[in-house]
Amino acid sequence: MVTASLRLLGVIEGWYRPSGLGEVLELGGLARLNKLYLPFLRAVGAGLDGELRLEETRFSWYVSNAVDVARALSGLDYTFFKFRRPVDHVSVDLDILINSRDVAAAVTRLKSLGFSVIINEPYTVTLSRRGFIVDLYTHPSFAWVVYMNGEDVLRDFAEDFEVGGHLVRGLSREAEVVVYAAHAVYKEHIILLIDCLTLWRWFSGRVIDIANVLGVKHSLDILASTCGEVIRGAEAPVRLGIATLARAYANKALSDPIFRGTSINILRYLLTRRDASRAVLSRLTRRSY
């Protein structure tokens, strides 16, 4: 029997049609969990027109806000990251990697657009405007632990491309595959079907080279292995097991001095964040992110 995850993939790629409203609703719920709701609705077509219009409106709103931010940051050393996918999707926020020397200028410019700072932490400043969230990172990190050198990413893998008729600064497609793998493994501990789709469509030898340069090849291997499990019958999202995560973190600690040096920060995070226990519980029980 073909799994729901593969049927969802088939709908998006055009080789499978749901048999009725019940299956459409089942796959729609799965699409939401895997950040594939917009391409799913576009592929299904008739029957969910209202849902599609709502999601298209959300997507347009997201793109418009992203362009506003790109214009504000013009001339600064920044790049959008975890932004490009092989299919359109509506993200919950806009992640930006920025040189530490330009953080203050970026915050000032975004405030002039109506953004307000809501979180200021090591390696991250989070701003919000009417429900649109921007995260400014100096290094990709979680719980104040750095898992990738932001300066290396900025220097070597950013490029200009068009979004909504405007040029923005973002990562190359190959670099995005690597960043998504590292983010899924080290930070979220969950592999989504959209992560697999990104890997399958954009994978090349260049992806492996970038993963090695950035010191996250092990996370790329985990992504590839997990996506292979999805093809063989696992349902996505896939929560990574404790043994897999232990090996990933041990490998990172042994090979990456920045990760090793900032790992102690997780204790500070747990002791100083009032919502730390709730955040940890959420990560242990959630189905997606």
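Preceding this paragraph is the structure being described.
Residues numbered from 1 in each chain as written. Predicted model: local features only at pLDDT ≥ 70, side-chain atom pairs only at ≥ 80, totals over all residues. Heavy atoms only, no water.

**What about the pattern of salt bridges?**
Worth spelling out the cut-off: By convention in these notes, a salt bridge is any Lys or Arg side-chain nitrogen within 4 Å of a carboxyl oxygen on Asp or Glu. Burial classes: relative accessible area under 20% of the type maximum marks a residue as buried, over 50% as exposed, and values in between as partly exposed (1.4 Å probe, protein chains only).
This model, assessed by the stated rule, comprises 18 salt bridges. Between arginine 155 and aspartate 156 there is a salt bridge whose closest N-O contact spans 3.2 Å. Its salt-bridge partner being lysine 252, residue aspartate 256 comes within 2.3 Å of it at the nearest N-O pair. Assigned by exposure class, aspartate 256 and lysine 252 land together as buried. A network of salt bridges, in which partner residues are shared, links Arg7, Glu23 and Glu26.

**Some thoughts on the environment of threonine 108**
Stated formally: A run of H or I in DSSP becomes a helix once it reaches four residues, and a run of E becomes a strand once it reaches two; helices and strands are each numbered from the N terminus.
Of note, threonine 108 is situated in helix α5 (residues 103-112). Separated by 36 residues in the primary sequence, threonine 108 and alanine 72 place their C-alpha atoms 9.7 Å from one another.

**Remarks on helix α9 (residues 205-214)**
Here is the rule we go by: By definition, the arc is the one covered by directions from the helix axis to the C-beta atoms. Whether two residues are in contact is decided by their heavy atoms, any of which lying within 4.5 Å being enough.
The complete set of buried residues in α9 reads Val207, Ile210, Ala211 and Leu214. Seen end-on, α9 carries its buried residues on one side only, within an arc spanning 100°. Along its buried surface, α9 packs onto α6 (150-157), α7 (173-188), α8 (193-202) and α10 (217-231).

**What about the nonpolar core?**
Our working definition: In this description, a nonpolar core means a group of buried Ala, Val, Leu, Ile, Met, Phe, Trp, Tyr and Cys residues linked to one another through side-chain atoms lying within 4.5 Å.
Grouped together as the largest cluster of nonpolar side chains are 97 residues, with contacts concentrated most on Phe40, Val69, Phe80, Leu94 and Leu136. With sequence-adjacent residues up to four places away left out, phenylalanine 80 is seen in contact with Ala66, Val69, Ala70, Leu94, Asp95, Ile96, Val168, Arg169, Gly170 and Leu171.

**Section: the state of the cysteines**
By definition, a disulfide links the sulfur atoms of two cysteine residues through a covalent bond. How we decide: In this description, the term disulfide denotes a pair of cysteine sulfurs within 2.5 Å.
Scanning the model with the defined rule gives one disulfide in all. Linked covalently through their sulfurs, cysteine 196 and cysteine 227 form a disulfide whose S-S length is 2.1 Å. Given an S-S torsion of about -90°, the disulfide between cysteine 196 and cysteine 227 has left-handed geometry. Within this pair, whereas cysteine 196 is found in helix α8, its partner cysteine 227 is found in helix α10, the two being separated by 31 residues in sequence. Cysteine 227 carries the same exposure label as cysteine 196, and that label is buried.

**What about a nonpolar patch on the surface?**
The following threshold applies: Only residues whose relative accessible area exceeds 30% and that form no salt bridge enter a patch; like-charged residues are grouped when within 9 Å of one another, and nonpolar side chains (Val, Leu, Ile, Met, Phe, Trp, Tyr) when within 5 Å. For the area figures, the Shrake-Rupley method with a 1.4 Å probe applies, and any residue is considered shielded solely by the protein chains shown.
Residues Ile264, Ile266, Leu267, Leu270 and Leu271 make up a contiguous nonpolar surface patch of roughly 490 Å² in combined accessible area. Of note, leucine 271 is situated in helix α13 (residues 265-272). Of the residues examined, leucine 271 reaches a relative accessible area of 75% and is grouped as exposed.

**Notes on the packing of α7 against α10**
Counted only if it meets this: To get an axis, fit a line to the C-alpha atoms, keeping to the stretch in contact for a helix; angles then go from 0 to 180 degrees between the N-to-C directions. Angle categories: roughly parallel below 35 degrees, roughly antiparallel above 145, roughly perpendicular from 65 to 115, and oblique for all the rest. Just so you know the grouping, Ala, Val, Leu, Ile, Met, Phe, Trp, Tyr, Cys and Pro go in nonpolar, Asp, Glu, Lys and Arg go in charged, and all remaining residues, Gly too, go in polar.
Between α7 and α10, whose axes approach to 8 Å, the crossing angle comes to 85°. The pairing of α7 with α10 is recorded here as roughly perpendicular in orientation. Taken together, the residues of α10 that come into contact with α7 (itself represented by Val177, Ala181, Ala182, Val185 and Tyr186) are His218, Ser219, Leu220, Ile222 and Leu223. Taken together, the residues that form the contact of α7 with α10 break down as eight nonpolar, two polar and no charged.

**Brief notes about unusual backbone geometry**
In the segment running from alanine 236 into proline 237, the intervening peptide bond is cis, with an omega of 0°. Relative to the helices and strands, proline 237 is located in the loop between α10 and β11 (238-239). A positive phi angle, near 55°, is found at lysine 82, a position not held by glycine. Note on placement: lysine 82 falls in the loop between β1 (78-80) and β2 (94-98). In this model, tyrosine 123 sits at a positive phi of 75°, which is unusual for a non-glycine residue. Looking at the element boundaries, tyrosine 123 is found in the loop between β3 (116-121) and β4 (124-129).

**Comments concerning the environment of asparagine 265**
Relative to the elements of secondary structure, asparagine 265 occurs in helix α13. Distance from asparagine 265 to proline 122, taken between C-alpha atoms, is 9.4 Å for residues 143 residues apart in sequence.

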